[in-house]
Amino acid sequence: PDEFWFATALLLAAEPGLGLISVWHPSFLRILVETIQARRDDLAAAIRAGILPDGAITDDKVRKAVLARLKPDPRRAGLVARFMPERARELWPRLQIVSCWDQGRAAAEAQRLRSWFPHALVQGKGLLATEGVVTIPWRGRHVAAVRSHYFEFQQADAGPILPLHQLEPGGEYQVLLTTGSGFVRYRLGDRVRCTGFAGNTPVLE
């Protein structure tokens, strides 16, 4: 695990043209940013010379892959040596979007990223499952992905099943998904709250 974090942090820190970061949970990016801060001396030395510290990456295949992308860059090494999360803009001035979960238990971690990356949009991902897309971000809200699947909602385990257009603001529902690939009324296990409408489309959190 230490080698994984080091290699990932190194390639991230060495990339000046970073414009988009997409992760699932914002804590993953927080750990990477904290790794850059904690290991900034080692990372800066590697970037300055274009070589890896002894023992930093022991797997030959991974080591070769990292070295193939690592070029000597003394100027960037100086930025990395001074890195603090609150000064992330100095390291990635072109960063425009950080895409991650930002609701429920991820909300506090996403807010931390917003404080670290004020120059970028921290855009909350919608509700995504392996089986399908439930909501998508749109104008700061998460609207039902009405063109993706057929949705139904249930207020309780034994409650009536409602179509999307019958949701009411403030109501809490379980999601049932019918997809074009053959899932019929697949119960995702997620609970959503209708917070209003964007036009005629329910906004869900």
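Residues numbered from 1 in each chain as written. Predicted model: local features only at pLDDT ≥ 70, side-chain atom pairs only at ≥ 80, totals over all residues. Heavy atoms only, no water.

A.B. asks: Could you clarify how one ought to interpret the pattern of salt bridges in this entry?
C.D. replies: Applying the stated criterion to the full structure yields 9 salt bridges. In this structure, the salt-bridge partner of Arg-112 is Glu-109, at a minimum N-O distance of 3.5 Å. In this pair, Arg-112 and Glu-109 are both assigned in helix H7 (residues 107–116), 3 residues apart and thus about one turn of the helix distant. Take Arg-112: its relative accessible area is 37%, and that puts it in the partly exposed class. We classify Glu-109 as buried; its relative accessible area is 14%. Through salt bridges that share partners, Arg-30, Glu-34, Glu-109 and Arg-112 make up one connected network. (Salt bridge = Lys/Arg side-chain N within 4 Å of Asp/Glu carboxyl O. Helix = DSSP H or I, 4+ residues; strand = E, 2+ residues; numbered from the N terminus. Buried < 20%, exposed > 50% of the residue type's maximum accessible area, 1.4 Å probe, protein only.)

A.B. asks: When you look at the packing of helix H1 (residues 2–13) against helix H2 (residues 26–38) in this model, what are you seeing that I'm missing?
C.D. replies: Packed helices, taken two at a time, are described by the angle their axes make and the gap between the axes. It is the contact of H1 with H2, at a shortest axis distance of 9 Å, that shows an interaxial angle of 80 degrees. Classed by the angle they form, the pair H1 and H2 counts as roughly perpendicular. Between H1 and H2, the contacting residues are Phe-4, Trp-5, Thr-8, Ala-9, Leu-12 and Ala-13 on the first element and Phe-28, Leu-29, Ile-31, Leu-32, Thr-35 and Ile-36 on the second. Classifying every residue of the contact of H1 with H2 gives 10 nonpolar, 2 polar and no charged. (Axes fitted to C-alpha atoms, helices over the stretch in contact; angles between N-to-C directions. Parallel < 35°, antiparallel > 145°, perpendicular 65-115°, else oblique. Contact = heavy atoms within 4.5 Å. Nonpolar A, V, L, I, M, F, W, Y, C, P; charged D, E, K, R; others polar.)

A.B. asks: Even after reading the chapter, I still don't get the pairing of strand S2 (residues 97–100), so can you show me in this structure?
C.D. replies: A regular strand places its side chains on the two faces of the sheet in alternate fashion. Note that strand S1 (residues 20–22) and S2 share 3 bridges and pair parallel. Each residue of the ladder has a partner; that of Leu-20, found in S2, is Ile-97. By the bridge criterion, 4 bridges tie S2 to strand S3 (residues 121–124) in an arrangement that is parallel. Bridge pairing in S3 links Cys-100 to Gly-124. With H7 bridging S2 and its parallel neighbour S3, the resulting β-α-β unit is right-handed. (Pairing = 2+ DSSP bridges. Right-handed = clockwise from strand over helix to strand, strands pointing away.)

Distances and angles like these do not, on their own, reveal function.
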